[in-house]
Amino acid sequence: MAEMDLIQRSKKAVWHPCSQMKLHETQPLLAIARGEGVWLYDTSGRRYLDGLSSWWVNLFGHGHPHIKAAITTQLDRIEHVMLAGCTHEPVVELSERLGALTGLGHAFYGSDGASATEIALKMSAHYWRNHGRPEKCRFIGLANGYHGETAGALSVTDIALFREAYGPLVRLSATVPTPDPRDAAPGVSAIDHARACAAALEAWLQAHHHETAALILEPLVQCAAGMVVYDAEYLRLARALCTRYEVHLVADEIAVGFGRTGTLFAYQQAGILPDFVCLSKGLTGGYLPLSAVLTTDDVYAAFYDDSTARGFLHSHSYTGNPLACSAALATLDLLHDGSALAQNRRTAATLTALSAPLAQHAKVNNSRQIGMIWAFDIATDDPLFSRHYHAAALRHGLLLRPIGNTLYFMPPYVMNSDECAWLANGALAALNEVV
Ligand SMILES: *Cc1c(COP(=O)(O)O)cnc(C)c1O
């Protein structure tokens, strides 16, 4: 009763994101009462394994004592103070630690991923302007890239469904071919396909570098495109080309940062250093909204001047919120000594082994895994596959939402082997119900 009431009230008062609200006439909302570890409990006490880490934000499970304690301790000191002209311990310590981890020492904060994209793009174009090259103000992204959905972020997001209605509002950026190995010609390896795509990037830069501020990309995995895993060679080549053609490289680590792909940051697997790194999602372990853009001394120096107008005058009310910074510091504590990443390698081996029947299923193509991400392309003619699979998964105690025909797992890092089995077995059973 309480559950129905909450769902009705939500449909009336809440406009849910990334949803056609009319769909909820037939597909009930999931009314969540509480969470613990990898589990979400609905208002009737049924539990669901959070197979998507609550939209890729949660790293160490729900209700983690260390993160909770960090937030409540900070709450007794100061909940928020403006960051223009003021500073505080959590934001200083977080900036120092992020600087030490990345080698990019200047942290600028926003509240969500899209605003991190906006900040990086604005900073890059403003850098060139401050260097007397205002014509360098265009951006490039990869085909099928995703960088958020505010108007500026949408200009570098190449996902038709999210962009179509707003095309006229946005100054669309150029896109270059994605190194998605599934696009490779028959017999062409992932690394050779990456090289061919880098050649296409070079051709574009040759023609347009003088008007281009930055290339933005998702290192190693284009998540929103359907967990496209590509070869690190592309990142090495793109880094070299950006340097050669004087174009910034922006690494959007919003989804892949903080150990998701097996290293603390995905770009580290290519042994490169970007000019900008965008962080959000897992930054606070999934507890509070926060994003950060890290950049080089060179970029910082271009804004450091007596003239106000040469400064970076971008602002958000909650910039550097102390509670969110404390959650981020606690998350970094949990990642600190590498043991969490070592544990993830063991968990990944367990879940990969348990998912073998799913990977070998007659309807599954291109099964892939990197770090704590698994994806399976499902051969189906059902245009509503994702919706039907989501409903079937719920019946098996799993929260999963395929992207198009790509079923994927992006679970919290803290799964034990029973939970891995629950996920693998339930995902297979749900698949057999819908294909
Ligand atoms: C989710 C995501 C964003 C946008 O973050 P929001 O917090 O949803 O605005 C940007 N880039 C990537 C790669 C993402 O996965």
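*Asks:* Is there a simple way to think about the nonpolar core in this case?
*Replies:* The tendency in soluble globular proteins is for nonpolar side chains to be buried side by side. Within the largest apolar cluster, 98 residues are counted, with the highest numbers of intra-cluster contacts made by Leu98, Tyr234, Leu400 and Phe409. When near neighbours in sequence (up to four residues on either side) are disregarded, Leu400 contacts Gly51, Leu52, Tyr389, His390, Ala393, Leu407, Tyr408, Phe409, Leu423 and Ala427. Counting 23 residues, the second largest nonpolar core, distinct from the first, contains Ala125, Ala214, Val250 and Cys278.

*Asks:* Help me understand the environment of Glu96 in this model?
*Replies:* Note that Glu96 resides in helix H4 (residues 89-102). Judged by relative accessible area, Glu96 falls into the exposed class, the value being 54%. Placed 49 residues apart in sequence, Glu96 and Arg47 show a C-alpha to C-alpha distance of 39 Å.

*Asks:* How should I be thinking about the pattern of salt bridges in this particular structure?
*Replies:* Note on pairing: side chains with opposite charge can pair once their charged atoms come close. All told, the structure shown has 18 salt bridges when counted by the stated rule. Of the charged contacts in the structure, one is a salt bridge between Glu233 and Arg195, with a shortest N-O distance of 3.4 Å. Of the two residues, Glu233 sits in helix H9 (residues 233-244) while Arg195 sits in helix H8 (residues 190-208), which places them 38 residues apart along the sequence. The exposure class of Arg195 is partly exposed, given its relative accessible area of 39%. A salt bridge links Asp275 to Arg239; the shortest N-O distance between them is 3.1 Å. Of the two residues, Asp275 sits in the loop between strand S10 (248-252) and strand S11 (276-279) while Arg239 sits in helix H9, which places them 36 residues apart along the sequence. Members of the salt-bridge network, linked through shared partners, are Asp180, Arg182, Arg368 and Asp377.

*Asks:* Teacher, can you tell me more about the sheet that holds strand S13 (residues 364-370) here?
*Replies:* The pairing of strands in a sheet comes from backbone hydrogen bonds and takes either a parallel or an antiparallel form. With antiparallel pairing, 3 strands are arranged side by side in an open sheet as S13-S14-S16. Of all the strands in the sheet, the pair left with one neighbour each is S13 and strand S16 (406-409). Neighbouring strand axes in the sheet, compared pairwise and without regard to direction, differ in orientation by 15° on average. Bridge count between strand S14 (residues 373-378) and S16: 4 bridges; the pairing is antiparallel. Bridged to Trp374 within S16 is Phe409. The strands touched by helix H12 (residues 339-354) are S13, S14 and S16; relative to S14, the strand with the most contacts, the crossing angle is about 20°.

*Asks:* Sorry, what's going on with unusual backbone geometry here?
*Replies:* Among all residues except glycine, the phi angle is most often negative; among peptide bonds, the trans geometry is most common. The phi angle at Met227 is positive, at roughly 55°, despite the residue not being glycine. Its location among the elements puts Met227 in the loop between strand S8 (221-222) and strand S9 (228-229). We classify Met227 as buried; its relative accessible area is 0%. Positive phi outside glycine occurs at Asn366, with the angle close to 50°. Counting through the fold element by element, Asn366 comes out in strand S13.

*Asks:* What am I meant to see in the sheet that holds strand S15 (residues 398-399) here?
*Replies:* Sheet architecture is open: 4 strands sit in the order S1-S2-S3-S15, paired in mixed fashion. Whereas interior strands pair on both sides, the edge strands pair on one side only; in this sheet they are strand S1 (32-36) and S15. Here 2 bridges tie strand S3 (residues 47-50) to S15, and the two strands are oriented parallel to one another. Residue pairing across strands places Leu49 opposite Leu398, the latter belonging to S15.

Procedures and definitions
- Residues numbered from 1 in each chain as written.
- Predicted model: local features only at pLDDT ≥ 70, side-chain atom pairs only at ≥ 80, totals over all residues.
- Heavy atoms only, no water.
- Core = buried A, V, L, I, M, F, W, Y, C linked by side-chain atoms within 4.5 Å.
- Buried < 20%, exposed > 50% of the residue type's maximum accessible area, 1.4 Å probe, protein only.
- Contact = heavy atoms within 4.5 Å.
- Helix = DSSP H or I, 4+ residues; strand = E, 2+ residues; numbered from the N terminus.
- Salt bridge = Lys/Arg side-chain N within 4 Å of Asp/Glu carboxyl O.
- Pairing = 2+ DSSP bridges.
- Axes fitted to C-alpha atoms, helices over the stretch in contact; angles between N-to-C directions.

Functional significance is not addressed by these values, which are geometric in nature.
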